[in-house]
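# Structural description and commentary
Spelled out from the first residue to the last, the chains are:
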Amino acid sequence: MKNILFPAQKKYLESYRKKEDKLILEMEEFADENSIPILEWLAIEFIEKLILVSRPKRVLEIGTAIAYSTIRIARCLAKSATIYTIEKSKDNIELAAKYINKSGESKKIKLIHGNALNILPQMDKKFDFIFLDADKQDYKRLFDYSMLLLKKGGIIIVDNVLWHGYTASSNVPAKYKTSTRHIRDFNKIFILQQNLDSMILPIGDGLGFGIKK
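These lines cover the structure that appears in this document, whether it is placed above or below. (Residues numbered from 1 in each chain as written. Predicted model: local features only at pLDDT ≥ 70, side-chain atom pairs only at ≥ 80, totals over all residues. Heavy atoms only, no water.)

Evaluation of the coordinates by the stated rule reveals 10 aromatic pairs. Ring geometry for Phe143 versus Phe186: centroids 5.4 Å apart, planes at 90°, classification edge-to-face. One end of the pair, Phe143, is in helix α7 (residues 139–149); the other, Phe186, is in helix α8 (residues 177–192), with 43 residues separating them in the sequence. Ring plane angle 40° and centroid distance 4.9 Å describe the contact between Tyr166 and Tyr176, whose orientation is recorded as tilted. Taken together, the residues span a long stretch of sequence, with Tyr166 in the loop between β5 (150–159) and α8 and Tyr176 in the loop between β5 and α8 at a distance of 10 residues. Taken together, Tyr139, Phe143, Phe186 and Phe190 form an aromatic cluster joined through their ring pairs. The ring centre of Phe30 lies 5.8 Å from the NZ or CZ of Lys98, which sits over that ring. Over the ring of Tyr99 we find Lys98, and its NZ or CZ is 4.6 Å from the ring centre. (Phe/Tyr/Trp six-rings, centres within 6.5 Å; stacked < 30°, edge-to-face > 60°. Helix = DSSP H or I, 4+ residues; strand = E, 2+ residues; numbered from the N terminus. Lys NZ or Arg CZ within 6 Å of the ring centre and 35° of its normal.)

Written as structure tokens, this is what we have:
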């Protein structure tokens, strides 16, 4: 099991994908060639629409990678809005900085190098929108910190909650067993969170979508 959608439906949806600019296509190609996970196009387009509708002033992204989603979110923000994005990999930080500079969106982006588990407890700002896409074993702790930083009425999005379809499968490959268990445990917490109106959407690799009560 490698996909959430069946191939025919996926191909049909891709036929309606909007044309992307050269930088986005370059980043997608680089990520594919170097096995760097980035958001699937349906997932990032959904997030872009949420940003345009909710018009957040301050966004937090946990897990920058090469800044693919960072840049796309920044492009949807108002000029006075800011996205803070945290990445612990030094190699990724260097790549992210390069792409951010090329994007022309550097004024809206605050790139933070370090472990989010150490950084989040020190943050004193509240956020209108939080996007969590980091190490799966850390999801529970990162989510707890995120909920403290999320404003009432704010939106939180969590990526990979269907995890290649394995969260709903009884036949999970050995290399995915531990990560699948982490995601299954997290999904229960996410859905049962008392101060969050939440659901799981079969978009991309599965998105957790919640609004803080």
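So much for the structure itself; the text now carries on.
Our next topic: a nonpolar patch on the surface. On the surface, Tyr12, Leu13 and Tyr16 cluster together to form a nonpolar patch covering roughly 360 Å² of accessible area. For Leu13, a relative accessible area of 32% gives the class partly exposed. (Patch = residues over 30% accessible without salt bridge, like charges linked within 9 Å, V, L, I, M, F, W, Y side chains within 5 Å. Areas by Shrake-Rupley, 256 points an atom, 1.4 Å probe, with all protein chains shown as cover. Salt bridge = Lys/Arg side-chain N within 4 Å of Asp/Glu carboxyl O. Buried < 20%, exposed > 50% of the residue type's maximum accessible area, 1.4 Å probe, protein only.)

Take the nonpolar core next. In this structure, Ile47, Ile51, Ile66, Ile71, Ile73, Phe129 and Ile157 are the most contacted members of the largest nonpolar core, which totals 36 residues. Listing elements by their share of this core, those giving two or more residues are α2 (22–33), α3 (41–54), α4 (68–76), α5 (90–103), β4 (127–132), β5 and β7 (207–212). Within the second largest apolar cluster, 29 residues are counted, among which are Leu132, Val158, Val161 and Val172. (Core = buried A, V, L, I, M, F, W, Y, C linked by side-chain atoms within 4.5 Å.)

Below, the discussion takes up the packing of α7 against α8. Interhelical geometry of α7 versus α8 gives an angle of 25° and a closest axis separation of 10 Å. Judged by the inter-axis angle, α7 sits roughly parallel to α8. Residue-level contacts link Tyr139, Lys140 and Phe143 of α7 to Ile183, Phe186, Ile189 and Phe190 of α8. Partitioned by chemical class, the residues of the contact of α7 with α8 number six nonpolar, no polar and one charged. (Axes fitted to C-alpha atoms, helices over the stretch in contact; angles between N-to-C directions. Parallel < 35°, antiparallel > 145°, perpendicular 65-115°, else oblique. Contact = heavy atoms within 4.5 Å. Nonpolar A, V, L, I, M, F, W, Y, C, P; charged D, E, K, R; others polar.)

A few words on the side chain of Lys108. Counting through the fold element by element, Lys108 comes out in the loop between α5 and β3 (109–113). Dropping the residues within four chain positions of it, Lys108 is found in contact with Ala74, Arg75, Leu77, Ala78, Lys79, Ala81, Thr82 and Ile83.

Read these as geometric descriptors, not functional statements.
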